[in-house]
Amino acid sequence: MTVIGASFNANEELPTTFPLIDTHTHFDAPVFDADRDEQLQRACQQSIRHLVLVGYLQRHFQRLYDTERLINERYPSSITGQSDSPQQPPLNAHIALGLHPFYIEQHTEAHLQNMSQMLDKKRPLAIGEIGFDTFADEMKQPKMFAKQEYFFNAQLDMAVSHKLPVMLHIRKAHAEALALLKAHDYDAHKLGGIAHSFSGGEQEAKAFVKLGFKLGVTGQVTNPNAKKLRRAIQAAVASDGIECLVIETDCPDMTPIMCQDSGGSQSALGQSPDNEWGNAPAHNRNVPANLPWVLLCLSELLDVPPAILAEQLWHNSCNALQTDWRYPA
Ligand SMILES: [Zn+2]
């Protein structure tokens, strides 16, 4: 049996990379303020061609737009997908707007209304991240869960009316999420959608794929101890093919194991109530340039050559995000 990551060394340079789409980042977070430009250049060198900045709190929506503009101005030739200079490959930023279930206490009706106005004003690529999070015990309280349910449904309604794909955040509530999605008009077969940082079991993985969602795979797959996750991915691929997957960094979280300074310790930056990752040790912070490690470990897990997997993941991402970005030659 393959031991994931066993053939990769922490200090090794990445082998030749392939054009990739980072489908889920928080690259607008202040933890990147000091070296965002340098990290963008590193991402370009690792062939990251698109990255999605994903929303979680209304008070940071403007920051998403600002960061998107900053990146697209930094790489002006990338707007058309063309690059004038071979030294500067195109990198495009996009945004998803959404009110994250983990911060449910902070969301208000006014935030939903503001989000709806922003959707009209400047269409994002997707809605997200939205869903259920019952990781903490207090989130399971009926009142709190009902509020999550209300915001989940309201944002799915917006996705339907604006014909936008959604980015799902589901933690310890997969059955509840599946039930809600089945009862809702949102049709992922038509609108796309990603079950971001998928963490459920085999049956749940297949159930989300059956509903039309792609499973978002993060740096967690690089951890040899993530056995449940590896089995879920393998089971979904056995039943539905590699067409059901996309990859993401979810930076600054989910640092691939070979990119962590201390070797074995999980990055576990987690989501703090302010979610600004201010106390996160910078050396263990995940960055978009780490995405090829997810590709390589997934390639090893599924026994699919990286070149073939990378191209398929590109098309899967376009499908999930309802775009038609050309695969770079
Ligand atoms: Zn996220």
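Residues numbered from 1 in each chain as written. Predicted model: local features only at pLDDT ≥ 70, side-chain atom pairs only at ≥ 80, totals over all residues. Heavy atoms only, no water.

### Examining the side chain of T249
- For T249, the position within the fold is in the loop between β8 (245-247) and α9 (291-302).
- By relative accessible area, T249 is classed as buried at 1%.
- Excluding residues that lie within four positions of it along the chain, T249 makes contacts with D22, H24, T25, M254, N286, V287, P288 and L291. (Helix = DSSP H or I, 4+ residues; strand = E, 2+ residues; numbered from the N terminus. Buried < 20%, exposed > 50% of the residue type's maximum accessible area, 1.4 Å probe, protein only. Contact = heavy atoms within 4.5 Å.)

### Side note on the pairing of strand β4 (residues 126-133)
- Taking burial as the measure, the eight residues of β4 include eight buried ones, the bulk of the element.
- The pairing of strand β3 (residues 92-97) with β4 spans two bridges and is classified as parallel. Bridge pairing in β4 links A96 to A126.
- Both β4 and strand β5 (residues 166-171) contribute to a ladder of six bridges, which runs parallel. Bridge pairing in β5 places D133 opposite R171. (Pairing = 2+ DSSP bridges.)

### Digging into the confidence of the model for the chain
- When pLDDT is averaged along the chain, the result is 89; 84% of the residues meet or exceed 70.
- Across residues 263-269 the pLDDT falls below 50, and counting only partners more than four positions away or on other chains, this stretch makes 17 contacts in the model. (pLDDT = per-residue confidence, 0-100.)

### Here's the deal with the pattern of salt bridges
- For the coordinates displayed, the defined rule picks out eleven salt bridges.
- E68 serves as the salt-bridge partner of K122, at 3.0 Å between the closest nitrogen and oxygen. Taken together, the positions of K122 in the loop between α3 (109-121) and β4 and E68 in helix α2 (residues 61-74) put the pair 54 residues apart, joining distant regions of the chain.
- A salt bridge links R69 to E73; the shortest N-O distance between them is 3.8 Å. Within this pair, R69 and its partner E73 are both found in helix α2, separated by four residues, close to a single helical turn.
- Via salt bridges that share partners, D66, R69 and E73 belong to a single interconnected network. (Salt bridge = Lys/Arg side-chain N within 4 Å of Asp/Glu carboxyl O.)

### Regarding the packing of aromatic side chains
- The full count for this structure, using the stated rule, is ten aromatic pairs.
- Considering the side-chain rings of Y56 and Y103, the 5.8 Å spacing of their centres and the 45° angle between planes classify their relative orientation as tilted. With Y56 in the loop between β2 (48-54) and α2 and Y103 in the loop between β3 and α3, this residue pair connects regions lying 47 residues apart in the sequence. The pair formed by Y56 and Y103 is uniform in burial state, with each residue classed as buried.
- Relative to Y327, the ring of W314 has its centre 5.5 Å away and its plane inclined at 80°; by these criteria the two rings are edge-to-face. Of this pair, W314 sits in helix α10 (residues 306-321) while Y327 is found in the segment after α10, placing the two residues 13 residues apart along the sequence. As far as the burial class goes, W314 and Y327 line up, both buried.
- Three or more aromatic residues joined by ring pairs make a cluster, and in this case those are Y186, F198, F208 and F213.
- When the ring centre of F135 is taken as reference, the NZ or CZ atom of R171 above it lies at 4.1 Å. (Phe/Tyr/Trp six-rings, centres within 6.5 Å; stacked < 30°, edge-to-face > 60°. Lys NZ or Arg CZ within 6 Å of the ring centre and 35° of its normal.)

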